[in-house]
Amino acid sequence: MKQITNALKNDFIMHPTNDVCFSGLMEDPIVRKGFCAAVLRIPPDEILNVELLPTHLHRDYANDKLGVLDVLVCLPDGSQINLEMQVKDFEFWDERALFYLGKMFTGQLRSGEDYENLKKCIHVSILDFVHFPEDQRCFRTLHFRDDDTGELYSNKLELQILELRKLPPEIKTEEDIVRWMRFFNGKSREEFENMAMTSEYLGAAYEALQKLSADDQKRIEYEAREKALRDHNALMNSAKRRGHLEGWEEGIAEGRKEGMKEGVHAGIKLVRRVDGLHAKGLTNEQIAQECMISLEEVSEILGTGHF
């Protein structure tokens, strides 16, 4: 039994979509340099150093179940990049991303300092869910531009959104940012080993991943985070099912038209989202996870066209 336990432990590999794992990877200077170069679309050799700022947020994962772990880095020219791994969609996600980008930008200045000291800030969100279902683009870069001419107003504020669920079939001529996305989306040692052979920086990332996976304390944090996410998902699913049931029962029992209208609207919205994700090629399991409903409910919607 001990040999079996040791074999399972030795075969264990963390998934980078877990933000505890992701932040651990970014603590490695070579990995950090390689990924930030991909974010900037420049060769890694052009970056002398990427400093991990002390605002790197370490949290108690068991108690702060919904906290998002950010990694904040600074380039030699003073530019800052905020990196975050996000596995669950939630309401007002866009507003939240803008809020933290603005906070990062304004936080550079101390009292009495000139605006000319403000440096470029980039907020990079790596999403393990589909945020833009209307197209197949797996990554995008957003700036402030003139509505009429499309001319760039300022390059000092930038949002990058990487959607792991929309990665296309692997092709030979891929941008570095897509290679990194494939690494973060990896699920097995074989996948990581194959990607590690494609560049020295992905090789360093795999080496760092193995060290993290073998670290008992990091594994405790990793598993605590996984459990917190599972508990949160179970709670949300239970609340949603209970809310639907109570809403319908109340509407039927009391004849509240407004309640019925809201229930119908929610049902129609859910059907449209399930149909949209299905049209994008997501599996029933992925749709169930994205919409926080059961596989049976997904099958019912896709099979009958109504909820």
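Bear in mind that the values here come from a model prediction, so they are computed numbers and not experimental data.

Asks: Is there a simple way to think about a negative patch on the surface in this case?
Replies: A cluster of like negative charges, contributed by Asp-146, Asp-147, Asp-148 and Glu-151, occupies part of the molecular surface. Turning to its location among the elements, Asp-146 is positioned in the loop between strand E5 (139-145) and strand E6 (152-163). With a relative accessible area of 36%, Asp-146 lands in the partly exposed category.

Asks: Looking at this structure, I do not really get the sheet that holds strand E3 (residues 80-86). What am I missing?
Replies: What links the strands of a sheet is backbone hydrogen bonding, and the strands pair in either a parallel or an antiparallel sense. The sheet built from six strands is open, its strands ordered E1-E2-E3-E4-E6-E5 with mixed pairing. For this open sheet the edge positions go to strand E1 (51-52) and E5, each flanked by a neighbour on one side alone. Across seven bridges, the pairing between E3 and strand E4 (residues 121-127) is parallel. Across the sheet, the residue bridging to Leu-83 is Val-124, located in E4. Lying on the sheet, helix H2 (residues 19-26) is in contact with E1, strand E2 (70-74), E3 and E4; it crosses E3 at an angle near 150°.

Asks: Can you walk me through the confidence of the model for the protein in this structure?
Replies: Where the model shows low pLDDT, its predicted coordinates should not be examined in detail. The predicted model of the protein has a mean per-residue pLDDT of 82, with 79% of residues at 70 or higher. When the elements of the protein are averaged for pLDDT, helix H1 (residues 2-11) gives the smallest value, 48, and helix H7 (residues 200-214) the largest, 97. Predicted confidence for residues 56-68 stays below pLDDT 50, and this span has 30 contacts to residues more than four positions away or in other chains.

Asks: Help me understand the pairing of E4, please; the structure alone is not making it clear to me.
Replies: A regular strand places its side chains on the two faces of the sheet in alternate fashion. Extensive coverage of E4 is indicated by the burial of seven of its seven residues. Regarding topology, helix H4 (residues 93-106) serves as the crossover connection from E3 to the parallel E4, and that connection is right-handed.

Asks: Would you mind going over H4 with me for this structure?
Replies: Count 3.6 residues to each turn of an α-helix, and residues three or four apart come out pointing the same way. For H4, with 14 residues, the first-to-last C-alpha span of 20 Å sits near the 20 Å given by 1.5 Å per residue. At its buried positions, H4 is contacted by E2, E3, E4 and E6.

Asks: How should unusual backbone geometry be read in this particular structure?
Replies: If a residue is not glycine, its phi is most likely negative; likewise, a peptide bond is most likely trans. With a phi angle near 60°, Arg-41 is a residue other than glycine that sits in the positive phi range. The topology assignment puts Arg-41 in the loop between helix H3 (29-40) and E1. Its identity is not glycine, yet Met-292 carries a phi of approximately 55°, on the positive side. In this structure, Met-292 sits in the loop between helix H10 (284-291) and helix H11 (295-304).

Asks: Would you mind going over helix H6 (residues 189-196) with me for this structure?
Replies: Listed in full, the buried residues belonging to H6 are Arg-189, Phe-192, Met-195 and Ala-196. Taken down its axis, H6 places every buried residue within 135° of arc, on the same side.

Asks: Would you mind showing me how to read the nonpolar core here?
Replies: With 46 residues, the main nonpolar core has Phe-35, Phe-183 and Phe-184 as its most contacted residues. Elements represented by at least two residues in this core include exactly H2, H3, E2, E3, E4, helix H5 (176-184), H6 and H7. Element by element, the count of residues in this core is highest for H7, at eight residues. By size, the runner-up hydrophobic cluster in this structure holds 16 residues, among which are Cys-74, Met-104, Phe-105 and Phe-129.

Asks: What exactly am I supposed to notice about the pairing of E3 here?
Replies: Here E3 lies mainly inside the structure; seven of its seven residues are buried. Alternating positions in E3 separate into two faces, Gln-80, Asn-82, Glu-84 and Gln-86 on one and Ile-81, Leu-83 and Met-85 on the other, with burial throughout. Between the antiparallel neighbours E2 and E3 lie five residues, among them Gly-78 with a positive phi of about 95°.

Asks: Could you clarify how one ought to interpret the packing of H5 against H7 in this entry?
Replies: Two quantities define a packed helix pair, namely the angle between the helix axes and the distance between the axes. It is at 11 Å that the axes of H5 and H7 come closest, and there the two elements cross at 15°. As summarised for this structure, H5 and H7 are arranged roughly parallel, according to the angle between their axes. Two packed elements cross with a definite hand, and for H5 against H7 that hand is right-handed. In this structure, H5 contributes Arg-179, Trp-180 and Phe-183 to the contact, and H7 contributes Tyr-201, Leu-202, Ala-205, Tyr-206 and Leu-209.

Asks: Just checking my understanding: could you explain the environment of Met-181 for this structure?
Replies: In this structure, Met-181 sits in helix H5. The exposure class assigned to Met-181 is buried, which follows from its relative accessible area of 0%. Those residues in contact with Met-181, other than ones at most four positions away along the chain, are Cys-138, Phe-139, Leu-162, Glu-163, Leu-164 and Leu-167.

Each value, and the rule that gives it
Residues numbered from 1 in each chain as written. Predicted model: local features only at pLDDT ≥ 70, side-chain atom pairs only at ≥ 80, totals over all residues. Heavy atoms only, no water. Patch = residues over 30% accessible without salt bridge, like charges linked within 9 Å, V, L, I, M, F, W, Y side chains within 5 Å. Areas by Shrake-Rupley, 256 points an atom, 1.4 Å probe, with all protein chains shown as cover. Salt bridge = Lys/Arg side-chain N within 4 Å of Asp/Glu carboxyl O. Lys, Arg positive; Asp, Glu negative; His and termini not counted. Charge placed at Lys NZ, Arg CZ, Asp CG, Glu CD. Helix = DSSP H or I, 4+ residues; strand = E, 2+ residues; numbered from the N terminus. Buried < 20%, exposed > 50% of the residue type's maximum accessible area, 1.4 Å probe, protein only. Pairing = 2+ DSSP bridges. Contact = heavy atoms within 4.5 Å. Axes fitted to C-alpha atoms, helices over the stretch in contact; angles between N-to-C directions. pLDDT = per-residue confidence, 0-100. Right-handed = clockwise from strand over helix to strand, strands pointing away. Expected span 1.5 Å × (residues − 1). Arc of directions from axis to C-beta. Core = buried A, V, L, I, M, F, W, Y, C linked by side-chain atoms within 4.5 Å. Parallel < 35°, antiparallel > 145°, perpendicular 65-115°, else oblique. Left-handed = near helix turned anticlockwise from the far one by under 90°.

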